[in-house]
Amino acid sequence: MREFDYQRADDVSGAVALLAGDPDARFLGGGTNLVDLMKTGVERPARLVDVRELPLNGIEESADGGLRIGATVTNSDLAAHPEVRRRYPVLSQAVLAGASGQLRNMATVGGNLLQRTRCGYFTDLSRPCNKRAPGSGCSAITGEHHNHAVLGASDHCVAVHPSDMGVALAALDAVVEYETLDGPGELPLADFYLPVGDTPHRETALPPGALITGVTLPPAPVAARSRYRKVRERASYAFAIGSVAAALDVEDGVVREARLALGAVASRPWRARTAEAVLTGAPADGATFAAAADAELAAARPLPDNGYKVTLMRNLVVAVLTELAEEAAR
């Protein structure tokens, strides 16, 4: 591992100042992803700025009646918070599905948003990877890609985003708050992650040197009936091969509002707005749910070894929406 400097930040402005002008510096939260990447040589920071002790570890009601979650809140505290469990159960379920208790105790909300892909070629320095070394090529397209993207990919990268939490946040219209030397800013999660295009190494729209300070969840009554479902290759903690975050409001057998996001199918959490449009105002039944899934997945472009994901996600969407509709009918 490359030698590096370590500094602990005392306040948000000081943390931003420590990173400013130093492209080889990184913020350090729980370190559950960054430290692993340092061990493999993918990340080689010259300086780590520890932000774990900054006063960003609270969860409180926002002015509009939503929730504001600080960037250093641990995944364990987020999943266990009573207001998150009551008002946004899909988020609590997603976090609990994401990792073991030991990792959840260390991992932070801000770090979760910024975690990198688990594509094996990204962490293998001997193989080409456009995300790690722009312009070198994408080994996965002609190599091992059974768990890679079927939506929104490009000829430059077919890796998927690994976050479970991010999928739930996408369905909840979360807003990411950040701080720079020029002051605070915010990005809706829909704009936070960049399309992969021909620049897969540019993953977020955060300004250079920005520090994530929190995530705001707008009021969402529909989220009170919501669910996160994850499919993985083994029962113990593993990254998804497909996941769904869904919320459904049904009245008199008709869908009044639907929120739907898909995970492990694209380079970012995939908000299924085409499916939501099919669902809204339609009967809350299996035919509608299947039509919504088919409409969203019509844009899928699978590779030779991951076409199974299209069928998997169709079945997963229908199953989760059916469960939520049956709950509403009781």
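Residues numbered from 1 in each chain as written. Predicted model: local features only at pLDDT ≥ 70, side-chain atom pairs only at ≥ 80, totals over all residues. Heavy atoms only, no water.

**Student:** How should I be thinking about the environment of Ala258 in this particular structure?
**Tutor:** As for its position among the elements, Ala258 is in strand β11 (residues 254-263). Taking the C-alpha atoms as reference points, Ala258 and Asp124, separated by 134 residues in sequence, lie 40 Å from one another. Here Ala258 is in contact with Ala247, Leu248, Glu276, Leu279 and Thr280, once residues within four sequence places are set aside. (Helix = DSSP H or I, 4+ residues; strand = E, 2+ residues; numbered from the N terminus. Contact = heavy atoms within 4.5 Å.)

**Student:** How do you make sense of the pattern of salt bridges when you look at a structure like this?
**Tutor:** One side chain can pair with another of opposite charge once the charged atoms of both are near each other. Evaluation of the coordinates by the stated rule reveals 20 salt bridges. With a shortest N-O distance of 3.1 Å, Glu203 and Lys131 are connected by a salt bridge. Placement of the pair is Glu203 in the loop between α9 (189-192) and β8 (211-217) and Lys131 in the loop between α7 (109-113) and α8 (165-171), with a sequence separation of 72 residues. The partner of Arg271 in a salt bridge is Glu276, and the shortest N-O contact between them spans 2.6 Å. Of the two residues, Arg271 and Glu276, neither departs from the other in class, the shared state being buried. Among the charged side chains, a network of salt bridges with common partners joins Asp173, Glu257, Arg259, Arg271, Arg273 and Glu276. (Salt bridge = Lys/Arg side-chain N within 4 Å of Asp/Glu carboxyl O. Buried < 20%, exposed > 50% of the residue type's maximum accessible area, 1.4 Å probe, protein only.)

**Student:** So what exactly am I meant to see when it comes to the layout of surface pockets here?
**Tutor:** If a probe as big as a water molecule is rolled over the atoms, it shows which places are left empty. As a volume, the second largest pocket reaches approximately 400 Å³. Arg118, Asn147, Val160, Phe239 and Ala240 are the residues nearest the centre of the second largest pocket, which is lined by 27 residues in total. Looking at side-chain class alone, the lining of the second largest pocket contains 12 nonpolar, 10 polar and 5 charged residues. (1 Å grid on protein atoms, 1.4 Å probe; cavity = no way out; pocket = protein on both sides within 12 Å on 5 of 7 lines; lining within 4 Å. Points joined across faces, edges and corners; volume = space filled by probe spheres on them. Nonpolar A, V, L, I, M, F, W, Y, C, P; charged D, E, K, R; others polar.)

**Student:** Please explain empty space enclosed by the protein as it appears in this structure.
**Tutor:** Within this structure, the stated rule accounts for 3 cavities of 30 Å³ or more. Taken as a whole, the largest cavity holds about 140 Å³ of empty space. Residue composition of the lining of the largest cavity, grouped by class: 7 nonpolar, 4 polar and 5 charged. In this structure, the second largest cavity occupies an estimated 70 Å³ of space. Taken together, 15 residues make up the lining of the second largest cavity; nearest its centre are Cys119, Cys129, Cys138, Cys157 and Ala159. In the lining of the second largest cavity, the residues fall into 9 nonpolar, 5 polar and 1 charged.

**Student:** Would you mind showing me how to read the nonpolar core here?
**Tutor:** Note that soluble globular proteins tend to have their nonpolar side chains buried in a common cluster. With 42 residues, the main nonpolar core has Leu78, Leu91, Leu113, Leu169, Phe192 and Leu217 as its most contacted residues. The element best represented in this core is α8, accounting for 6 residues. Ignoring any residue separated from it by four or fewer positions in sequence, one finds Leu217 in contact with Ser62, Gly66, Leu67, Ile69, Tyr88, Leu91, Leu169, Leu172 and Ala174. (Core = buried A, V, L, I, M, F, W, Y, C linked by side-chain atoms within 4.5 Å.)

**Student:** Whenever I open this one, helix α1 (residues 12-19) confuses me. Can you help?
**Tutor:** Every α-helix carries 3.6 residues per turn, so stepping three or four residues along brings you back to the same face. Turning to α1, its buried residues number three or more, namely Val12, Ala15, Val16 and Leu19. When α1 is viewed along its axis, its buried side chains cluster within an angular range of 95 degrees and face the same direction. In this structure, the buried side of α1 is in contact with β2 (25-28), β3 (47-50), β6 (175-180) and β8. Positive phi appears at Gly21, one or two residues downstream of α1, with a value of about 75 degrees. (Arc of directions from axis to C-beta.)

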